[in-house]
Amino acid sequence: MTIGLNTPRRRLDDMHHGIARYLKRLTYAPLENPTRILELGSGTGAWSVEAAETFPSAEVLAADMSPLPETLNVPPNLTFKQMNFLDPFAFHPGSFDVVHMRFVMIHLPNPDDYIHRLASLLRPGGWLLLEDVNHTLLDANRPVGPGVQALYRGYREYMHKQGVDPQVGAQLKNMLERSKEFSEVEEVVIPCYMNPRSTEDSALQDLGEILKYSIDGVYVGIMDKVGPAGGITPEILRGWRREVNDLERDLRIDMHFTWSKKL
């Protein structure tokens, strides 16, 4: 596939379209004519737009700290609310059939507590859709190399100083079950391969390529923003790039997609 400019907006759009191509659906959850859908962390609005188009009779609310792009073609059943997720919710309890968050939990402190907050927004029988990555490169055949080890050592230290967990994706299912808020908790783990030779699925190849360039952009952003305090230097980043682009390796990062039915 053709990768565009490595900007935050382009990364978010490409990631949404790569996931949509692989899933071939809006979500794994068996949604049946929801009337109110909330996306927290709507980013560029791509998922909210798809939800509004998939369920044209539903009211879809996109919420984020930054406004939707002015160029976005907004369906008539989609509205936007600007908000800080750490503030008290400005929604009535039990007022949504679906609440969706993708790649947001990795940025939030106290994710166990946040799950209870999210559950409070759902009507009985409603669905909480949480999707995130486990920021850990895995190699199917051998230990990861020193370049990957050095980058993740610095990256995890930086994230932990911010009070957040870069490996939260792998913990979502356990946290949801632990909350006792849901009658069903389901999960699918999607392996995103850095090496296109690791899979014959073209959609999975594209998704791995998108994730690879996306997280590279995230690491560059941390390096440019906070310098050595972010644990990532140009030398460390070059070592990471050499290894993730090594076609003799079988590296992957897992995405965790969960859907949970409110009691």
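You'll find the structure just up there.
Cut-offs used in this document
- In this convention, every chain numbers its residues from 1, walking through the sequence in written order.
- Predicted model: local features are reported for residues with pLDDT of at least 70 only, side-chain atom pairs are reported and counted for 80 or more only, and whole-chain, interface and lining totals are derived from all residues.
- To get the side-chain values, all heavy atoms of the structure are used, and hydrogens and water are removed first.
- Counting from the N terminus, the helices are the DSSP runs of H or I reaching at least four residues and the strands are the DSSP runs of E reaching at least two.
- Summary of the burial criterion: residues with accessible area below 20% of their type's maximum are buried, those above 50% are exposed, and those between are partly exposed, where the area comes from a 1.4 Å probe applied to protein chains only.
- Polar contact is defined as a pair of N or O atoms within 3.5 Å, subject to the rule that within protein one atom must be able to donate a hydrogen and the other to accept it, and that residues adjacent in sequence are counted only when both atoms are side-chain atoms.
- Any two residues whose heavy atoms approach within 4.5 Å are treated as being in contact.
- Between N-to-C directions, angles span 0 to 180 degrees; the directions come from axes that are lines fitted to C-alpha atoms, helices contributing only their stretch in contact.
- Oblique is the label for any angle not under 35 degrees, not over 145, and not in the 65 to 115 range, which are roughly parallel, roughly antiparallel and roughly perpendicular in turn.
- Should the near helix be turned anticlockwise from the far one by less than a right angle, the crossing is left-handed, and should it be turned clockwise, the crossing is right-handed.
- Residues are grouped as follows: nonpolar covers Ala, Val, Leu, Ile, Met, Phe, Trp, Tyr, Cys and Pro; charged covers Asp, Glu, Lys and Arg; every other residue, Gly included, is treated as polar.
- Residue types Ala, Val, Leu, Ile, Met, Phe, Trp, Tyr and Cys, when buried and joined through side-chain atoms within 4.5 Å, form a set referred to as a nonpolar core.
- Here, the term right-handed applies to a crossover whose path from the first strand over the helix to the second runs clockwise when the strands point away from the viewer.
- Two strands are said to pair when DSSP picks up at least two bridges between them.
- Taking the helix axis as origin, the arc is that swept by the directions to the C-beta atoms.

Student: Looking at this structure, I do not really get the side chain of Asn77. What am I missing?
Tutor: Here Asn77 shows up in the loop between β2 (59–64) and β3 (78–82). Taking the relative accessible area as the measure of exposure, Asn77 reaches 13% and is therefore buried. Among the polar contacts listed, one links the side chain of Asn77 to the backbone oxygen of Phe55, at a separation of 3.2 Å. Beyond its immediate sequence surroundings of up to four residues, Asn77 is in contact with Ala52, Phe55, Pro56, Ala58, Glu59 and Val60.

Student: What's the story with the packing of helix α1 (residues 8–23) against helix α6 (residues 202–226) in this structure? I'm lost.
Tutor: Geometry of a packed helix pair, given as the angle between the helix axes and the separation of the axes. Their axes nearest at 9 Å, the elements α1 and α6 cross at an angle of 160°. As the angle between them shows, α1 and α6 are arranged roughly antiparallel. Judged by the twist between their axes, the crossing of α1 over α6 is left-handed. Where α1 abuts α6, its residues Arg10, Arg11, Asp14, Met15, Gly18, Ile19, Arg21 and Tyr22 lie against Ser202, Ala203, Leu204, Asp206, Leu207, Ile210, Leu211, Tyr213, Ser214, Gly217 and Val218. Among the residues making up the contact of α1 with α6, the classes are represented as 10 nonpolar, four polar and five charged.

Student: I tried to follow the nonpolar core on my own but got confused; where do I start?
Tutor: Across soluble globular proteins, you tend to see nonpolar side chains buried next to one another. Leu40, Met105, Leu118, Tyr152, Trp240 and Met255 are the most contacted members of the largest nonpolar core, which has 63 residues in total. With nine residues, the single largest contributor to this core is α6. What Tyr152 contacts, discounting residues up to four positions off in sequence, is His135, Leu137, Ile215, Tyr219, Trp240 and Ile253. Judged by nonpolar contacts, the second largest core, of 17 residues, contains Trp47, Val60, Leu78 and Val98.

Student: Before we go on, may I ask you to explain the pairing of strand β5 (residues 122–133) in this structure?
Tutor: One face of the sheet, then the other: side chains in a regular strand alternate in exactly this way. Of all the 12 residues making up β5, nine are buried; the element is thus mostly covered by neighbouring parts of the structure. Considered for its hand, the β-α-β crossover made up of strand β4 (residues 96–102), helix α3 (residues 111–120) and β5 is right-handed. The pairing of β5 with strand β8 (residues 251–262) spans seven bridges and is classified as antiparallel. By the bridge assignment for β8, Leu128 is matched with Ser260.

Student: Got a minute to help me understand the packing of α1 against helix α2 (residues 46–54) in this structure?
Tutor: Relative orientation of the contacting elements α1 and α2 amounts to 45°, with a least axis distance of 9 Å. One element, α1, and the other, α2, form an angle in the oblique class. Together, Asp13, His16 and Ala20 of α1 and Ala46, Trp47 and Glu50 of α2 make up the contact between the two elements. Looking at the contact of α1 with α2 residue by residue, the classes come out as three nonpolar, one polar and two charged.

Student: Looking at this model, I keep getting lost on the environment of Phe103. Mind explaining?
Tutor: Positionally, Phe103 belongs in the loop between β4 and α3. Residues Phe103 and His256, spaced 153 residues apart in sequence, show a C-alpha to C-alpha distance of 9.9 Å. If we skip the residues at most four places from it in the chain, Phe103 touches Met15, Ile19, Glu131, Asp132, Val133 and Met255.

Student: How should I be thinking about the environment of Glu53 in this particular structure?
Tutor: In this fold, Glu53 is placed in helix α2. We classify Glu53 as exposed; its relative accessible area is 56%.

Student: What's the story with unusual backbone geometry in this structure? I'm lost.
Tutor: Comment: phi is negative for the bulk of residues other than glycine, and the bulk of peptide bonds are trans. Unlike most non-glycine residues, Phe103 shows phi in positive territory, near 60°. Even without being a glycine, Lys180 presents a positive backbone phi close to 60°. Tracing the chain through its elements places Lys180 in the loop between α5 (172–179) and β7 (182–193).

Student: Explanation requested: α5 in the structure shown.
Tutor: At 3.6 residues per turn, the α-helix brings residues three or four places apart onto the same side. Taken residue by residue, α5 has Leu172, Met175, Leu176 and Ser179 as its buried positions. Down the axis, α5 shows its buried residues gathered within 100° of arc, on one side only. Residues of α5 that are buried in the fold lie against α3, β5, β7 and β8. Lys180 sits one or two positions beyond α5 and adopts a positive phi of about 60°.

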